[in-house]
Amino acid sequence: MILTASERSASNMRSMNFAELHFHLLPGVDDGPPSIDATVELARAAAGEGTRTIVATPHVNSYYSIDVKSLPERTREVAARLRRERVPVNVLSGGELAPERAGDLSQAELEWIALGPPGRRWVLLEAPFTGLDDGFAVAAGGLRARGFAVVVAHPERSLGAAELGWQVLERELRAGSALQLTAWSLAGLNGEPARKAALHLLHANRLVAVASDAHGAARMPALRLALDALTGLGERDARRYVASVPHALLERGLAARAPALAA
Ligand SMILES: [Fe+2]
């Protein structure tokens, strides 16, 4: 595909802006903002950091009984309100899928929370805080068998010292999964084990995105905090984790494929 100069410049501009792939933006559906006013404040704070794209990723798990089919319409309502409030962010519909729900969702429901272009759609799959285990591996494999690639949500918060977790994650990396690390983890706010694991994973593959996993007043957007932490560590191209990588995942997607054999 050959782009014109203005298309190239628009694409470059987009890739300079931050994009949040994991963000609890929808009001009153999970442990995110309780009201639309809180949603507007959260989005405004993200815009203030330089974010221009937010994927709304409510919990799709067995605790919050979210009707997945309603998410695109709820997202449109939030986007319309943000336009009226002149908050300059583009909002996309997604979800943070818990492994225990992955097998329950129909193909259409998975499509409603998947991102990326046709043929390269991916789902944000939550790494449980109890650890990356066989349940996660089965869920991720099941998604790939149904044509969806996987972006692993905050693996650094699940790894600890458990050998099994690292094995599960290595298998995901061999399957081409991307990783989403949480801004607070890089800044040390989720504890030293999570920070160490996040720094270890930062260069695990090309496709590592950093996101705030914002939830409202208790966890506000934190991409600037992550950038400061990464820059302080001498990371030369820290912006790629909050701008070009998330944009690449949204625009070019991911291929779902079986894991390559371990070397
Ligand atoms: Fe989350």
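Details of the structure are given in the entry above.
Cut-offs used in this document
- Residues numbered from 1 in each chain as written.
- Predicted model: local features only at pLDDT ≥ 70, side-chain atom pairs only at ≥ 80, totals over all residues.
- Heavy atoms only, no water.
- Donors = N, O, S within 2.8 Å, 3.2 Å for Na, K, Ca; no water.
- Tetrahedral: all angles 85-135°; square planar, octahedral: opposite > 155°, others 65-115°.
- Helix = DSSP H or I, 4+ residues; strand = E, 2+ residues; numbered from the N terminus.
- Buried < 20%, exposed > 50% of the residue type's maximum accessible area, 1.4 Å probe, protein only.
- Core = buried A, V, L, I, M, F, W, Y, C linked by side-chain atoms within 4.5 Å.
- Contact = heavy atoms within 4.5 Å.
- Axes fitted to C-alpha atoms, helices over the stretch in contact; angles between N-to-C directions.
- Parallel < 35°, antiparallel > 145°, perpendicular 65-115°, else oblique.
- Left-handed = near helix turned anticlockwise from the far one by under 90°.
- Pairing = 2+ DSSP bridges.
- Salt bridge = Lys/Arg side-chain N within 4 Å of Asp/Glu carboxyl O.
- Right-handed = clockwise from strand over helix to strand, strands pointing away.

A.B. asks: Explain the coordination of the iron ion residue by residue, including any values.
C.D. replies: Looking at the iron ion, the protein donor atoms are His 22 (NE2), His 24 (NE2), Glu 96 (OE) and Asp 213 (OD), and they sit 2.1 to 2.3 Å from it. For the iron ion, the four donor atoms in the first shell make angles of 80 to 166 degrees at the metal, a pattern classed as irregular. Sequence spacing among the residues donating to the iron ion works out to H-x1-H-x71-E-x116-D. In this pair, His 22 is assigned in strand β1 (residues 18–23) and Glu 96 in strand β5 (residues 96–97), connecting sequence segments 74 residues apart. Here His 22 matches Glu 96 in class, with each residue buried.

A.B. asks: Which residues make up the nonpolar core, and what are the values?
C.D. replies: Among the nonpolar cores identified, the biggest contains 63 residues, and Leu 97 and Val 210 are the most heavily contacted of them. Every residue in contact with Val 210, bar those within four places of it in the chain, is listed here: Leu 181, Thr 182, Ala 183, Leu 186, Leu 223, Ala 226, Tyr 241 and Val 242.

A.B. asks: Please provide a residue-by-residue account of the packing of helix α2 (residues 36–49) against helix α3 (residues 71–84), values included.
C.D. replies: Interaxial distance between α2 and α3 falls to 10 Å at its minimum, and their mutual angle equals 65 degrees. Of the possible angle classes, the one that applies to α2 and α3 is roughly perpendicular. Here the hand of the crossing between α2 and α3 comes out right-handed. Touching Ile 36, Asp 37, Thr 39, Val 40 and Ala 43 of α2 are Val 78, Arg 81 and Leu 82, all from α3.

A.B. asks: An account of unusual backbone geometry is requested, with residue identities and associated values reported.
C.D. replies: Note on backbone geometry: most residues besides glycine have negative phi, and most peptide bonds are trans. Positive phi outside glycine occurs at Arg 86, with the angle close to 60 degrees. Arg 86 sits in the exposed class, given a relative accessible area of 74%. Even without being glycine, Asp 213 reaches a positive phi, approximately 50 degrees. Residue classification places Asp 213 among the buried residues on the basis of a relative accessible area of 2%.

A.B. asks: With reference to specific residues and values, describe the side chain of Ser 177.
C.D. replies: Assignment of secondary structure puts Ser 177 in the loop between α7 (163–174) and β8 (178–182). Discounting chain neighbours no more than four positions away, the residues touching Ser 177 are Arg 144, Val 150, Val 152, Glu 172 and Asn 205.

A.B. asks: Explain the sheet that holds strand β2 (residues 51–56) to me, and be specific about the residues and the numbers.
C.D. replies: Two orientations exist for strands paired in a sheet by backbone hydrogen bonds: parallel and antiparallel. Pairing in this open sheet of three strands is parallel, and the strands run β1-β2-β4 from one edge to the other. Strands at the two margins of the open sheet, each flanked by one partner only, are β1 and β4 (90–93). Across this sheet, the average inter-strand angle for adjacent strands is 20 degrees, counted without regard to direction. Direction of pairing for β2 relative to β4: parallel, over a ladder of four bridges. When the sheet's bridge partners are listed, Val 55 is paired in β4 with Leu 92. Most of the contacts of helix α11 (residues 244–252) go to β1, to which it runs at about 75 degrees, and overall it touches β1, β2 and β4.

A.B. asks: Explain the environment of Gly 176 residue by residue, including any values.
C.D. replies: For Gly 176, the location among the structural elements is in the loop between α7 and β8. Taking C-alpha positions, Gly 176 is 7.9 Å from Ala 149, a pair spaced 27 residues apart along the chain. Apart from residues no more than four positions distant in its own chain, Gly 176 is found in contact with Leu 254 and Arg 257.

A.B. asks: Please give an account of the pattern of salt bridges that cites residues and values.
C.D. replies: Oppositely charged side chains may form a pair once their charged atoms are brought near each other. Summed over the entire model, instances satisfying the criterion amount to ten salt bridges. Between Arg 76 and Glu 73 there is a salt bridge whose closest N-O contact spans 3.0 Å. Here the residue Arg 76 and the residue Glu 73 both occupy positions in helix α3, the gap between them amounting to three residues, near one helical turn. Where Arg 101 meets Asp 104, a salt bridge forms, and the shortest distance between an N and an O atom there is 3.3 Å. Given the relative accessible area of 17%, Arg 101 is considered buried.

A.B. asks: Summarise the pairing of β2; cite the residues concerned and give the values.
C.D. replies: Of all six residues in β2, five are buried, a share of seventy percent or more. As paired elements, β1 and β2 share four bridges and run parallel to each other. Looking at β2, one finds that Phe 18 is bridged to Thr 51. Between the parallel elements β1 and β2, the chain passes through α2 in a crossover that is right-handed.

A.B. asks: Please provide a residue-by-residue account of the pairing of β8, values included.
C.D. replies: Here is the key point about a regular strand: its side chains alternate between the two faces of the sheet. Most of β8 is tucked away: five of the five residues are buried. Burial of β8 is two-sided: the residues Ala 178, Gln 180 and Thr 182 facing one way and the residues Leu 179 and Leu 181 facing the other way are all buried. Here three bridges tie strand β7 (residues 149–153) to β8, and the two strands are oriented parallel to one another. By the bridge assignment for β8, Val 152 is matched with Leu 179.

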